[in-house]
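In case you want the letters, here they are:
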Amino acid sequence: MALGRREFLKGAGTCVGGASAIALGFAPPKAFAQETRQYKLLRAKETRNNCTYCSVGCGLLMYSLGDGAKNAKPSIFHIEGDPDHPVSRGSLCPKGAGLVDFIHSDGRLHYPSYRAPGSKEWTRISWEEATDRIARLLKDDRDKNFIEKNEKGETVNRWLSTGMLASSAASNETGLLDFKFARSMGMLALDCQARLCHGPTVSALAPTLGRGAMTNNWVDIKNANVVLIMGGNPAEAHPVGFKWVMEAKIRNGAKVMVVDPRFNRSAAVADFYAPIRAGSDGAFLLGVINYLLTHDQIQHEYVRSYTNAPFVVREDFSFHEGLFSGYDAEKRSYDKSSWAYERDAQGYAVVDPTLQNPRCVINLLRQHAARYTPEVVAQLTGTPEKDFLHVCETLAATSAPDLTSTILFALGWTHHTNGTQIIRTAAMIQLLLGNVGMAGGGLNALRGHSNIQGYTDLGLLSLRLPGYMNLPKDSQQTLESYMQAVVPHADEPGQVNYWHNTPKFFVSLMKTLWGEHATPTNNWGYDWLPKWDRSYDMLAYFEMMHQGKVNGYIAQGFNPLAAMPDKNRIRESLSKLRFLVTMDPLDTETSNFWQNEGTYNDVKPEDIQTEVFRLPASCFAEENGSIVNSARWLQWHFEGAKPPGDAWNDGHIIGTIFTKLRALYAKEGGAYPEPVLNMQWNYRAPEDPTPEEVAKEANGYALADITDDKGKVVVRRGELLPDFAVMKDDGSTASFCWIFAGSWTQAGNQMARRDNTDTGLGTTPGWAWAWPANRRILYNRASLDVQGRPWDPKRQIIAWDGERWGGADVPDYPLTSPPNSGVGPYIMHSEGVGLLFAGGDKLVDGPFPEHYEPTETPVLSSALGKTALRNPAARFYADEKPRMGNPTEYPYVATTYSITELFRHWTKHSRINAIMQPEQFVEIGDKLAGKLGINAGDMVRVSSHRGYIEAKAVVTKRLKRLSVMGKDLDQVGVPCHWGFKGAARKGYLANTLTPGIGDANSQTPEFKAFLVNVEKV
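Note that the coordinates shown come from a computational prediction; the quantities given were computed from them, not determined experimentally.

**Quick look at the overall build of the protein chain**
Along the protein chain, the regular secondary structure elements total 29 helices and 42 strands. On C-alpha atoms alone, the protein chain measures out to a radius of gyration of 27 Å, which is about the 31 Å that the 2.2 N^0.38 rule sets for 1017 residues. Each principal axis of the C-alpha atoms in the protein chain carries an extent, and together these give about 75 × 75 × 65 Å. A total of 1017 residues make up the protein chain; the buried ones form 66% of that total. Considering only contacts within the protein chain whose residues lie at least 6 apart along the sequence, 74% involve residues at least 24 apart. Looking at the protein chain as shown, the accessible area adds up to about 33,800 Å², and 49% of this sits on carbon and sulfur atoms.

**Points about the pattern of salt bridges**
A complete count under the given rule lists 50 salt bridges for this structure. Residue Arg136 pairs with Asp140 through a salt bridge whose shortest N-O separation is 3.1 Å. Taken as a pair, Arg136 and Asp140 lie in helix α6 (residues 127-145) at a separation of 4 residues, close to a single helical turn. Look at Arg136 and you get partly exposed, because its relative accessible area is 24%. Of the residues examined, Asp140 reaches a relative accessible area of 37% and is grouped as partly exposed. When the shortest N-O distance is used, the salt bridge between Asp537 and Arg875 registers 2.8 Å. Of the two residues, Asp537 is situated in the loop between α21 (502-514) and α22 (538-546) and Arg875 in the loop between β34 (805-807) and β35 (892-897); the sequence distance between them amounts to 338 residues.

**Concerning helix α20 (residues 479-486)**
When we look at burial in α20, the residues that qualify are Leu479, Tyr482 and Met483. Buried positions in α20, seen along its axis, are confined to an arc of 95° and lie on one side of it. For α20, exposure combined with an orientation more than 90 degrees from the buried face picks out Glu480, Gln484 and Ala485.

**Here we look at the packing of helix α8 (residues 199-209) against helix α18 (residues 419-433)**
In the contact formed by α8 and α18, the axes pass within 8 Å of each other and the chain directions differ by 35°. Classified by chirality, the crossing of α18 by α8 is right-handed. Facing Pro200, Thr201, Ser203, Ala204, Leu205, Thr208 and Leu209 of α8, the residues of α18 in contact are Gly419, Thr420, Ile423, Arg424, Ala427, Met428 and Leu431. Looking at side-chain class alone, the contact of α8 with α18 contains 8 nonpolar, 5 polar and 1 charged residues.

**Focus: the layout of surface pockets**
Taken as a whole, the second largest pocket encloses approximately 430 Å³ of empty space. If you trace the second largest pocket, you find 22 residues lining it, with Thr512, Gly515, Gln680, Asn682 and Glu697 closest to the centre. No other element matches the 3 residues that α21 contributes to the lining of the second largest pocket. Along the lines of polarity and charge, the residues of the lining of the second largest pocket split into 9 nonpolar, 8 polar and 5 charged.

**Regarding the pairing of strand β8 (residues 162-165)**
Every second residue of β8 is oriented toward a common face, with Thr162 and Met164 on one face and Gly163 and Leu165 on the other, all of them buried. Bridge count for β8 against strand β21 (residues 552-556) is 4 bridges, and the pairing is parallel. Across the sheet, Leu165 pairs through a bridge with Ala555, a residue of β21. As judged from the 2 bridges shared by β8 and strand β9 (residues 190-191), these two strands associate in the parallel manner. Its bridge partner lying in β9, Leu165 is registered against Asp191. Crossover β8 to β9 through helix α7 (residues 172-184) is right-handed.

**Points about the confidence of the model for the protein chain**
Mean pLDDT over the protein chain works out to 95, with 95% of the residues at or above the 70 mark. Here residues 8-34 scores under 50 on pLDDT; set against residues more than four positions off or in separate chains, the count is 47 contacts.

**Some points on unusual backbone geometry**
Geometrically, the link from Trp771 to Pro772 is a cis peptide bond, its omega value of -5° lying close to zero. When you line up the elements, Pro772 lands in the loop between β32 (769-770) and β33 (798-800). Unusually for a residue other than glycine, Leu355 sits at a positive phi of about 60°. For Leu355, the location among the structural elements is in the loop between β16 (333-334) and α14 (361-369). In the Ramachandran plot, Tyr468 falls in the positive-phi region, its phi being about 65° despite a non-glycine side chain. Within the secondary structure layout, Tyr468 lies in the loop between β19 (464-465) and β20 (469-470). A residue is classified by how much of its surface remains accessible, and Tyr468, at 21% relative accessible area, is partly exposed.

**Here we look at the sheet that holds strand β38 (residues 947-956)**
Read around the barrel, 6 strands follow the order β35-β41-β36-β38-β37-β42 and close on themselves; strand pairing throughout is mixed. Averaged over all neighbouring strand pairs, the angle between strand axes comes to 45°, with direction disregarded. In this sheet, β38 lies alongside strand β36 (residues 921-925) in parallel orientation, the contact comprising 5 bridges. Directly across from Gly925, in β38, lies its bridge partner Thr956.

**So, empty space enclosed by the protein**
With the rule as written, the count across this model stands at 8 cavities of 30 Å³ or more. By volume, the largest cavity amounts to about 540 Å³. Around the largest cavity, the lining is made up of 40 residues, and of these Leu411, Gly412, Tyr897, Ser898 and Lys1008 lie nearest the centre. Ranked by residues supplied to the lining of the largest cavity, first place goes to β35 with 3 residues. Residues that form the lining of the largest cavity fall into these classes: 18 nonpolar, 14 polar and 8 charged. If you add up the space inside the second largest cavity, you get close to 300 Å³. Along its surface, the second largest cavity is lined by 24 residues, and Ser167, Ala169, Gly557, Pro585 and Trp906 are the ones closest to its centre.

**Here we look at the pairing of strand β11 (residues 255-260)**
The element β11 is extensively covered by neighbouring structure, given that 5 of its 6 residues are classed as buried. Note that β11 and strand β12 (residues 272-275) share 4 bridges and pair parallel. Counterpart to Asp260 in the pairing with β12 is Pro275.

**Some details on the environment of Pro995**
Checked against the element boundaries, Pro995 lands in the loop between β41 (971-975) and β42 (1010-1016). Contacts of Pro995, omitting those with residues within four sequence positions, involve Pro565, Met884, Arg946, Glu1006 and Phe1010.

**Regarding the sheet that holds strand β25 (residues 633-637)**
Strand order across the open sheet formed by 3 strands is β24-β25-β32, with antiparallel pairing between neighbours. Taken across any chain shown, the strands that pair with only one partner, and hence form the sheet edges, are β24 (625-628) and β32. Bridge count for β24 against β25 is 4 bridges, and the pairing is antiparallel. Considered in β25, the bridge of Val628 is made with Leu634. Those strands touched by α7 are β24 and β25, and its axis lies near 90° from that of β24.

**A closer look at the packing of aromatic side chains**
Scanning the entire structure with this criterion turns up 51 aromatic pairs. On the numbers, 6.3 Å between centres and 65° between planes, the contact of Phe324 with Tyr334 is edge-to-face. One end of the pair, Phe324, is in strand β14 (residues 323-324); the other, Tyr334, is in strand β16, with 10 residues separating them in the sequence. An identical accessibility class is assigned to Phe324 and Tyr334; each is buried. Pairing Phe324 with Trp339 gives two aromatic rings, centres 6.0 Å apart and planes at 65°, and the pair type is edge-to-face. Linking Phe324 in strand β14 with Trp339 in the loop between β16 and α14, this pair joins segments that are 15 residues apart in sequence. Taken as a pair, Phe324 and Trp339 share a single burial class, namely buried. Members of the aromatic cluster, connected to one another through ring pairs, are Phe311, Phe317, Phe319, Phe324, Tyr327, Tyr334, Trp339, Tyr341, Phe837 and Phe848.

Rules of the game
Each chain carries its own residue numbering, running from 1 in the direction its sequence is written. Whole-chain, interface and lining totals are the exception, using all residues; otherwise, since this is a predicted model, local features are given only for residues with pLDDT of at least 70 and side-chain atom pairs are given and counted only at 80 or more. The basis for every side-chain value is the complete set of heavy atoms in the structure, and neither hydrogens nor water enter the calculation. Numbering goes from the N terminus for both helices and strands, where a helix is a DSSP run of H or I of at least four residues and a strand is a run of E of at least two. Two things to know: the radius of gyration comes from C-alpha atoms, and the globule rule equals 2.2 Å times the number of residues to the power 0.38. We call a residue buried when its accessible area falls under 20% of the maximum for its residue type, exposed when it is over 50%, and partly exposed in between, using a 1.4 Å probe and counting protein chains only. When checking whether two residues touch, look at their non-hydrogen atoms; a contact exists if any pair is within 4.5 Å. In these tables, accessible area is a Shrake-Rupley quantity obtained with a 1.4 Å probe, and a residue counts as shielded only by the protein chains included in the view. Between Lys or Arg on one side and Asp or Glu on the other, a salt bridge is scored when a side-chain nitrogen of the former is within 4 Å of a carboxyl oxygen of the latter. The directions considered for the arc are those from the helix axis to the C-beta atoms. With axes taken as lines fitted to C-alpha atoms, and helix axes fitted only over the stretch in contact, angles between N-to-C directions fall between 0 and 180 degrees. Rotating anticlockwise by less than a right angle from the far helix to the near helix defines a left-handed crossing, while the corresponding clockwise rotation defines a right-handed one. Under the grouping applied here, Gly and all other residues not named as nonpolar or charged are polar, the nonpolar ones being Ala, Val, Leu, Ile, Met, Phe, Trp, Tyr, Cys and Pro and the charged ones Asp, Glu, Lys and Arg. Of the grid points, spaced at 1 Å and generated over the protein atoms alone, those admitting a 1.4 Å probe that cannot get out make up cavities, while open sets with protein on both sides within 12 Å along at least five of seven lines make up pockets; any residue with an atom within 4 Å of a point is treated as lining. Grid points are joined across faces, edges and corners, and a volume is the space filled by probe spheres set on the points. The criterion for strand pairing is that DSSP finds at least two bridges linking the strands in question. The path from the first strand over the helix to the second decides the hand: if it runs clockwise while the strands point away from the viewer, the crossover is right-handed. Values of pLDDT, the confidence the predictor places in each residue, fall between 0 and 100. Whether two aromatic rings pair depends on their centres lying within 6.5 Å, for rings of Phe, Tyr and Trp, where Trp uses its six-membered ring; planes under 30 degrees apart make the pair stacked, over 60 edge-to-face, and the rest tilted.

In structure tokens:
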């Protein structure tokens, strides 16, 4: 009897499949329901955890069997949603519902394995053999290739021939160990999943608002009057978080609008949908700005008081033909000196409160955006003009002080060469409308991985330090020169300018890294940090790898063969390594890149001389620790079972390798051993640090009694820091990540708190802990006018009681600065306001956003009449140019996307998810299908200039034929979930098609707009 998907789920009767089906909401047979209930009540242990997939951070209740006897191992047999969780409230999506199958997947690794150079098979080895060999390989390569001085004789202490990819779902505590491990050895090629997903969000929101994170939170979406979903599809990718969009729609009467290349699941329940050409979002949003300014529908008092609209820009700043002043065509970069304010005699920025000066930011912005008329927007985007105007009108209505709109976005905005500027344009719209800092407002960046926010917070990117500080570069040879470069000078008197505290955060970090070895006499170990000369991000490093300049690589919880662009080139790069180490719960495509999988991975193993170590790691359900969801909530989760077989936790793997490496340096010496041996690694078991002690280290300690301005002791020596306000730059405090200070205090683990009391407007400050300082809505002082009166009394978040600020949320503002004090609400900025004009070194491609075409574009001449068609500051390697296609050979625009039942390349290892979506498909519009003679279910070949995939055709009306620059344009949707490993049927890696070029600011690859051809097989 052949069972369809629905019949299978209805009749599922095994513990694993049935439990997953129950969580999905399918009714099981009565007897099975009773049996499950008995297990839970009579013999099960309940453990609280969080979902390991997207960054909604849904709460889980895991049930495991095991009687606690000495040799008995608990086994998780059922997972359901935690009804107490403020966001998920007991719900799980199809991915979360299949978590039991993920834990018990046949793809889980149980033992360390080794692949010898040229071999066609894996052999099992012991942990001792594996870690001994890896430590030796790391040391030998470091000793041979370590660089103490650059060609200028400057001290750089870096190691470039081995790199590391950190995880996106491991705990913050693992991330801290990753950082110590990599930086102690001088690694610059340290990166994490943020490079491939939400990097442009940080690059955009930090220069505009002060911090690069989601401004509000999942539950707060319910307070919105308008929800714009663009550059994301939360109904599909974040289904449980999407319930708060529906709450806004049903309970608050919110208008929900979706702008997307596909009529997706979010659009299906929206009030309005507008199609758009993939890659043209910047033009659409700049058109919105033009509409708001042309129709004078902005929140005037907010814009005048809380943005840099009145600031006057230098005379020599200009924009012409798509280029800002200072462009060097040969270097493909800008001299940004003209991107600055005019200064007065005291050095402060000149401000014109009347907004009459033609060089005021608001007037320059009006001039800049004027080119993006509705007609031009329609030509560039393919969005019908009436649809575009409807979006503009609906958003513009929220310029009223008592109305708010919120914008939800994700990878659809980040995966472009101008992704940063797309997101920045959206932030500027929200500033013009007065919607930032408001309940139901802001920009809600929907993170795609459970802890990618945390790994970004911890500085696991090539040029970063924890807490969004920068790693020093070559020219900053002294601590003093570094501080002069990174500590911002005041642009306006009397502002908080919170980054002036950088010395306190930096020295506290150094005391955490080097402990007693960090002293004033050696500038707190400043020389031990590696110094950079250029970015060693993933795209740059794989380019080096392809050139044969990289010997070793560590991929922890990361699958670059499937995740990075241009899969065939990535495979060639990995083939040139001497050694590769993978640490993962699953058997990934990357660890098997050398295996011949026929058309899916056509290689000759005997020609690949890379030795590969496949190390089995634990999964989310098998560790204690914290992860950070999209809303900046640090949530503590608990171990429900031990990992299978001989698998280890990530911290155990890193700790063991690092301990052995240190032992080798202590015994043999070698290249610059000081940072390796001096790295503070004072854990009770150095080979296996506990998450609890590492979490306290992330929070930080007082190393001496800390006193306030009056000499009163506020923190005693040895105590955990209560917050970052007590940090010092004299070596008396230690904290790994200053924004995490307050997460584990003398009062205990704040991340494990479970008080879901609503203090107003869906704010639950007693649940878990949010950075910074447990604030749930950033910039919330901007929800009131200068006099302290709320823009909307019905949505008041904070209030002044005559002495200090308080309310439903923690004020994002000095607690004792009264109304009319002149202190701006954007406390991270030296101006104290949000930045419509982001000058200086904040961005590489312009202080105002500009629409640039994707690298591969069907548009060969611009409706804007400019010569700079593509982003002029995007990095372009010479040997990548021949791999780019043109619209003559590849006439259709393709975009990648995710589907509800699968998550990246993980859930194809989960049996129930593989059953629900067993086979690879691509989505094409009905008009294109008719043109090509393709019927639903036909096999089609989709090809780019880099390779091809073959899959079943899903013929749909969801992809409309658009009119772009007077020509018809068809688009193709390519889901990105299949590969040649897992429980689903073997498929092609979708990144075979995508180009290897990234966002100009963050180098995040351009997955969302590229050219393809489609043929019936």
